[in-house]
Structures are given as C-alpha cells and as structure tokens.
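Single-letter residue listing:
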Amino acid sequence: LLLDMKTLETTPFAAHLPLEAVRVDYMTFSEDLRYGLCSGADLSSGMGEQWFCDMEQGTMVKVNDLLGFTCSEVYFQNKTTLICQKWNDGLIDIIRYDILTGNQTVLLEAVKRAGEDRSFHRVGKNYGILNMAESASVLVDLRTGEQLPLTGIDLENASVKENLAG
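This brings us to the overall build of the protein chain. Along the protein chain, the regular secondary structure elements total one helix and 14 strands. The buried share of the protein chain, reckoned over its 166 residues, is 39%. Within the protein chain, contacts between residues at least 6 apart in sequence are counted, and of these 29% link residues at least 24 apart. Put simply, the protein chain shows about 9500 Å² of open surface, and 50% of that area lies on carbon and sulfur atoms.

In this structure, Leu8 takes a positive phi of about 65 degrees despite not being glycine. For Leu8, the position within the fold is in the loop between β1 (2-3) and β2 (10-11). One non-glycine residue, Leu33, adopts positive backbone phi at about 65 degrees. Structurally, Leu33 can be placed in the loop between β3 (22-29) and β4 (35-42). Exposure remark for Leu33: the relative accessible area of 37% places this residue in the partly exposed category.

Further remarks concern the pattern of salt bridges. The final tally for this structure, using the stated rule, is seven salt bridges. Asp25 is the partner of Arg23 in a salt bridge, and the nearest nitrogen-oxygen pair spans 3.0 Å. For Arg23, a relative accessible area of 45% puts it in the partly exposed group. Ionic pairing is found between Asp54 and Arg34, a salt bridge with its closest N-O pair at 3.1 Å. Taken together, the residues span a long stretch of sequence, with Asp54 in strand β5 (residues 48-54) and Arg34 in the loop between β3 and β4 at a distance of 20 residues. In this structure Asp54 comes out as buried when scored by relative accessible area, which is 10%. Here the salt bridges do not stand alone but share partners, grouping Arg34, Asp54 and Glu56 into one network.

Right, let's get into the side chain of Ser30. With respect to the element layout, Ser30 can be found in the loop between β3 and β4. A distance of 3.3 Å separates a polar side-chain atom of Ser30 from the backbone nitrogen of Arg34. Those residues in contact with Ser30 that lie beyond four places of it in its chain are Tyr35, Phe76 and Lys79.

This part takes up the confidence of the model for the protein chain. Counting all residues, the mean pLDDT for the protein chain is 82, and 81% of those residues have values of 70 or more. Confidence, read as mean pLDDT per element, is least for β1 in the protein chain (72) and greatest for helix α1 (residues 63-67) (95).

To continue, consider the environment of Leu150. Checked against the element boundaries, Leu150 lands in strand β14 (residues 147-150). Sequence spacing of Leu150 and Ala136 is 14 residues, and the spatial spacing of their C-alpha atoms is 7.4 Å. With residues up to four places along the chain from it excluded, the contact list for Leu150 reads Ile129, Ser137, Val138 and Leu139.

Cut-offs and rules
- Residues numbered from 1 in each chain as written.
- Predicted model: local features only at pLDDT ≥ 70, side-chain atom pairs only at ≥ 80, totals over all residues.
- Heavy atoms only, no water.
- Helix = DSSP H or I, 4+ residues; strand = E, 2+ residues; numbered from the N terminus.
- Buried < 20%, exposed > 50% of the residue type's maximum accessible area, 1.4 Å probe, protein only.
- Contact = heavy atoms within 4.5 Å.
- Areas by Shrake-Rupley, 256 points an atom, 1.4 Å probe, with all protein chains shown as cover.
- Salt bridge = Lys/Arg side-chain N within 4 Å of Asp/Glu carboxyl O.
- Polar contact = N/O pair within 3.5 Å; in protein donor to acceptor, adjacent residues only side chain to side chain.
- pLDDT = per-residue confidence, 0-100.

Here it is as structure tokens:
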C-alpha cells in the first residue's frame, strides 16, 4: 500500500503485479514510483531473487534476466537508471543500466576488492566509495566512472552511511 502522508489515504499500487509466486522481503522504488526493485524468494524454487517491476505495465522480470548477468546488488541511481554490482572471485564490476534504452555502461571492470563483504558503499545517488585490495580506496563518480583516490582514509573498520541526497 502507498500511504499519502497529507490525506492519510492508502492506494494498493502494487496490486496489479504478479506477486503470487514471490515472497517479498523488501521493495524500493524509482523517484517517480514508475519502477520498483523487489527482493525476496521465488516460491517455486525457494531461491532468493531480485525482480525489476514496471509499476505502470504490471510486469516483473528477474534482474539477472533483464541484465543478462548475475547481479550481486542493484539499486536506482535515478528514475531511469540502475546501478548494478557484479562480484566474481574477489573482483567487482559496476555497471550502469538505462531502463529506457537497455544500454549498459561499464563504470568499473574487474577491480580487485577488499574482502568478500560489501566493499562498495553508496555515499550518494551519483557517488560510491570502493574499498579495494591493498587498503586503497577510491571515490567513484557513478555518472562517468571517474575515480578519485582517497588517501588517509581507512575504510576497513569504518561504518559508511549513505546520503542519497546527491
């Protein structure tokens, strides 16, 4: 349900999505509520999955099928762009996906990351910090892929908080 904070009226905005085969654990939306990302379990297989939802069309597709690769983490950069992290054998790729065109732009490719836990932290809609191997960290511009080395910052034991304002 969508709650209007001014009128306190609710709207069953996801009622037309085919959710009967999904146990939804978490859902997030684009800024304009046109698209959603849903995490949960596929009830037929019991496996954890992520789905991309078109709220206007009432359709859902697995994120991995949409992108053509296994996506470890995905989130909205803006109302028509997804940022996807692909982890593989200690390496990370970061790919920007344009929802309207289907175009994919590789921002980082096969960069060695520190450890097996989350080594990429969003710090805004357009920025992230990548904690790489050998204790190096870089600020990544998610619009251009440009990297700015961060010196003197130890992220290994830090708690990085997201600021989605910019």
